[in-house]
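What follows is each chain in one-letter form.
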Amino acid sequence: MGVLQESIKASIGPKGVGSDSARSERLSILARLLKRPELGALSGAILVYIIFYFLAGSSGMFTLRGMIEILQVSAEIGILATTASLLMIAGEFDLSMGSMIGFAGVIIGLASTVYHLPLYLAILLAFFICAAIGALNGWLTVRTGVPSFIVTLASMLILRGEAISETRAINGYTQISKITEGDPDSSAISLFGGNAAQSVFSWMAHHHWIDANEAGDPSVGGIPASILWWVALTALATWVLMRTRFGNWIFAVGGDKTSAINVGVPVNRVKVVLFMLTAMSAVLFAAIQIMQVGSADTLRGTQKEFDAIIAVVIGGTLLTGGYGSPIGAFLGALIYGTVQMGIVYTRSDADRFKVFLGVMVLLAVLFNNYIRRRATQAR
Amino acid sequence: MSPIVELRNVSKSFGSVLALKDLDFDVEPGEVHCLLGDNGAGKSTVIKVLAGVHVISKGEYVIDGTAVCISSPRSALDHGIATVYQDLAMVPLLSITRNFFLGRELTKGRGLFSRLDVAKANEIVVGQLSGMGIDIRDPSQTVGTLSGGERQCLAIARAVYFGARVLILDEPTSALGVHQASIVLKYIVQARKRGLGVIFISHNINHAFAVGDRFTLLNRGTSKGTYRRGEISRDQVLHVMAGGESLETVDEDA
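Residues numbered from 1 in each chain as written. Chains lettered and ligands numbered in written order. Predicted model: local features only at pLDDT ≥ 70, side-chain atom pairs only at ≥ 80, totals over all residues.

A. Structural detail: the overall build of chain B. Across its full length, chain B carries nine helices and twelve strands. For 254 residues, the compact-globule formula gives about 18 Å, and the C-alpha radius of gyration of chain B, at 19 Å, lands near that figure. Scored against the burial criterion, the 254 residues of chain B give a buried share of 46%. In chain B, once contacts between residues fewer than 6 apart in sequence are set aside, the share between residues at least 24 apart is 68%. (Helix = DSSP H or I, 4+ residues; strand = E, 2+ residues; numbered from the N terminus. Rg over C-alpha atoms; globule rule 2.2 N^0.38 Å. Buried ≥ 20, exposed ≤ 12 C-beta atoms within 10 Å, placed from the backbone. Contact = placed C-beta atoms within 7 Å.)

The structure is reproduced here in structure tokens:
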């Protein structure tokens, strides 16, 4: 007992417990970078671009047109991956995102062609209905305690089946065409499916800064809206996660649910909101596709939930929750889009794309596990 | 000095099982009151009653001289009674600052633009911890990189910062090594100096005797008396905790 009291007194010294000079040293930039979840995805993306530069550098992949195409493919996955990353950081999955795309497309399509709603109202309706379904997914998960993997697996089947059967019953077949024709002047078309900065691109083509066709028009009409949505959503999600109270709660819910409850975080509410967000990003995906091509297909979005999860995992988010970033998911989607398009330019077997993805996912998870061990172990 | 919190003649039963019987217990500002007992003696029940997890079956829960109804952990917290649980209520993958303010985030701005005030939060955390003699490298490092003792201290510092008047520490030193335990005990001394009432639950008598002002001994749900420091020796405590049987009887049996 005497020894213990002495050791207490000793540890109260002038500078306090455990203060040594190493502790007050600022961490180097490299050490700070190593703690970021995006590191793996960032180095992966750089590596992918270096590889394709050598394999397909002269094939047209790195032209403006080629890059815009890559970004468009990445953007579609990226929009889903953004909200999926938030949900996965909170420790849950949403496998119904892909089916939700088809279902939202059916709502937008039927509302505008059969019920003749203006496009804006049709899209708004889809947002409302799908957000409600997302809330139901979340509510079932937190109330029943059934893993979200199972709950959303069920809704994945239900939504796809319902979308197909509704459309067939009302429309006769499983596609809905001429959706934008009833409301051709709607600004919804350019908001979701248009190109931004068109005049800038024309101007640049006129001055021969970018590729132009024989008529002097640019080979790329502008920046597709989907890419801007993708960038904006990633920025917004990052801000919410890193700089708001809700973001703090997302980390806590996925990191340690019991602790989060003990300190008064409304765990269930956080999860339900995030399920609503994944559902709404699926609606955005559907709206973008429909406004681009003018038709909906009940099979749209098939397996997109896995593409989103792949992008999120490559982006450094832990499957067990509590750690990750939307910027990582952004880079994961970029890697996905680049490899999918780039493999075509290399004229090699495009089926190898999946082989590459599989290897990439495995490497990403191994790398993330290593990072997590570093982050959680006492030093 | 009048006690901050008192349990008067409190009983708690779960169905037909009587977990606490006619217990009197109180803590005054600026004292460390140790609750000692073997496993199953009812220590956890006392904590949970004080923390508002369990509602008492009989008797009175008194705060500042008036009987109150504490029906949830939240209401106990509102009265300034904070419990630092064994599982700590910390998220290992989150930073020190984020953990410190978790559930009570420090924000600036209004409405949609309400955002975390990271710089100020970091400043407060570093200030609070260094005020208690803990020097941290970087408030943005994850709690997972802290040692058990440092985590325990962080949890206590958090409770103190958010206005706790009574700290309930449930086995804060049980999973710690000698050096780490001494850090936590030192911290308990600091809290007492600040005028907090500390309820310290332990079955490590050495730790209890290092910081305790009073000792209440529990055995099978009943109090075996409350003693001031110096009124009782460690051997006597051990004797009561073991239910009247001394450890020598084991030797006789063997």
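Once the structure has been displayed, the description carries forward.
B. Inspection of the overall build of chain A at higher detail. Within chain A, the secondary structure is distributed over 17 helices and four strands. Scored against the burial criterion, the 379 residues of chain A give a buried share of 45%. Within chain A, residue pairs in contact and separated by at least 24 positions form 78% of the contacts whose partners lie at least 6 positions apart.

C. Main features of the sheet that holds strand β6 (residues 81-84) of chain B. Residues and elements named next belong to chain B. With respect to topology, six strands assemble into an open sheet ordered β6-β9-β10-β3-β11-β12, the strand pairing being mixed. Each edge of the open sheet is held by one strand with a lone partner, namely β6 and β12 (222-228). Within this sheet the neighbouring strands show an average axis-to-axis angle of 20 degrees, counted without direction. Two elements, β6 and strand β9 (residues 166-170), share four bridges in a ladder whose sense is parallel. Looking across to β9, one finds that I81 is bridged to V166. (Pairing = 2+ DSSP bridges. Axes fitted to C-alpha atoms, helices over the stretch in contact; angles between N-to-C directions.)

D. Expanded view of unusual backbone geometry. A positive phi angle, near 55 degrees, is found at K178 of chain A, a position not held by glycine. Among the structural elements, K178 of chain A can be located in the loop between β1 (175-176) and α9 (187-193). Exposure remark for K178 of chain A: the 11 C-beta atoms within 10 Å place this residue in the exposed category. One non-glycine residue, N9 of chain B, adopts positive backbone phi at about 55 degrees. You can see N9 of chain B is positioned in strand β1 (residues 5-14).

E. Molecular detail of the sheet that holds β1 of chain B. Spatial ordering of the open sheet is given by β2-β1-β4-β5 (chain B), a layout of four strands whose pairing is antiparallel. Of all strands in the sheet, those with a lone pairing partner are β2 (17-27) and β5 (66-67) of chain B, marking the two edges.

F. Expanded view of the pairing of strand β4 (residues 58-63) of chain B. Residues and elements named next belong to chain B. Direction of pairing for β1 relative to β4: antiparallel, over a ladder of five bridges. From the neighbouring strand, R8 faces β4, where its bridge partner is E60. The pairing of β4 with β5 spans two bridges and is classified as antiparallel. Opposite V62, over in β5, you have A67 as the bridge partner. Between the end of β4 and the start of β5, which pair antiparallel, lie two residues, with D64 showing a positive phi angle near 50 degrees.

G. Broad picture of the packing of helix α5 (residues 148-161) of chain B against helix α6 (residues 178-193) of chain B. Residue and element names in this part refer to chain B. For the pair α5 and α6, the least separation of the axes is 8 Å and the interaxial angle reads 15 degrees. Taken together, the axis directions place α5 and α6 in an arrangement best described as roughly parallel. Where α5 crosses over α6, the two elements pack in a sense that is right-handed. Together, G148, G149, Q152, C153, I156 and V160 of α5 and Q180, A181, I183, V184, Y187 and A191 of α6 make up the contact between the two elements. (Parallel < 35°, antiparallel > 145°, perpendicular 65-115°, else oblique. Left-handed = near helix turned anticlockwise from the far one by under 90°.)

H. Up close: the nonpolar core. One finds A104, I108 and A282 of chain A together with L167 and I168 of chain B to be the most contacted residues of the largest nonpolar core, which totals 171 residues. A total of 17 residues in this core trace back to one element, the largest contributor, which is helix α14 (residues 267-293) of chain A. Sequence-distant contacts of I168 of chain B, that is, excluding residues within four places in its chain, are made with I47, L50, A51, I81, A82, T83, V84 and I199 of chain B. (Core = buried A, V, L, I, M, F, W, Y, C linked by C-beta atoms within 7 Å.)

I. Representation of α6 of chain B. For α6 of chain B, spanning 16 residues, the distance from its first C-alpha to its last is 23 Å, which sits close to the expected 22 Å at 1.5 Å a residue. Taken residue by residue, α6 of chain B has A181, S182, I183, V184, L185, K186, Y187, I188 and A191 of chain B as its buried positions. (Expected span 1.5 Å × (residues − 1).)

J. Just the packing of helix α7 (residues 119-144) of chain A against α14 of chain A, in detail. All names here are of chain A. Closest axis-to-axis distance for the α7/α14 pair is 7 Å, and the angle between their directions is 145 degrees. The handedness of the crossing between α7 and α14 is right-handed. Split by residue class, the contact of α7 with α14 holds 18 nonpolar, six polar and one charged. (Nonpolar A, V, L, I, M, F, W, Y, C, P; charged D, E, K, R; others polar.)

K. Region of interest: helix α6 (residues 97-113) of chain A. Taking 1.5 Å as the rise per residue, α6 of chain A with 17 residues should run 24 Å; its terminal C-alpha atoms sit 24 Å apart, in good agreement. Counting buried residues along α6 of chain A, 17 of its 17 residues qualify, which places the element largely inside the surrounding structure.

L. Molecular detail of the confidence of the model for chain B. All names here are of chain B. Chain-level pLDDT for chain B is 83 on average; 93% of the residues reach the 70-or-more range. Mean pLDDT across the secondary structure elements of chain B bottoms out at helix α9 (residues 248-253), with 49, and peaks at helix α3 (residues 96-100), with 91. Below pLDDT 50 for its whole length, residues 246-250 participates in two contacts with residues either more than four positions away or in separate chains. (pLDDT = per-residue confidence, 0-100.)

M. Region of the structure containing the environment of S202 of chain A. All names here are of chain A. As for its position among the elements, S202 is in helix α10 (residues 198-206). Judged by local crowding, S202 falls into the partly exposed class, with 17 C-beta atoms found within 10 Å. As a C-alpha pair, S202 and P218 span 16 residues in sequence and 5.7 Å in three-dimensional space. Ignoring sequence-local partners within four residues, the contact set of S202 consists of D217 and P218.

N. Examining the environment of A311 of chain A more closely. Residues and elements named next belong to chain A. You can see A311 is positioned in helix α15 (residues 304-314). By C-beta crowding, A311 is classed as buried, having 31 other C-beta atoms within 10 Å. Sequence separation of A311 and I335 is 24 residues, and the distance between their C-alpha atoms is 7.9 Å. Ignoring anything within four residues of it in the chain, the contact list for A311 reads I77, G78, A81, A329, G332, A333 and Y336.

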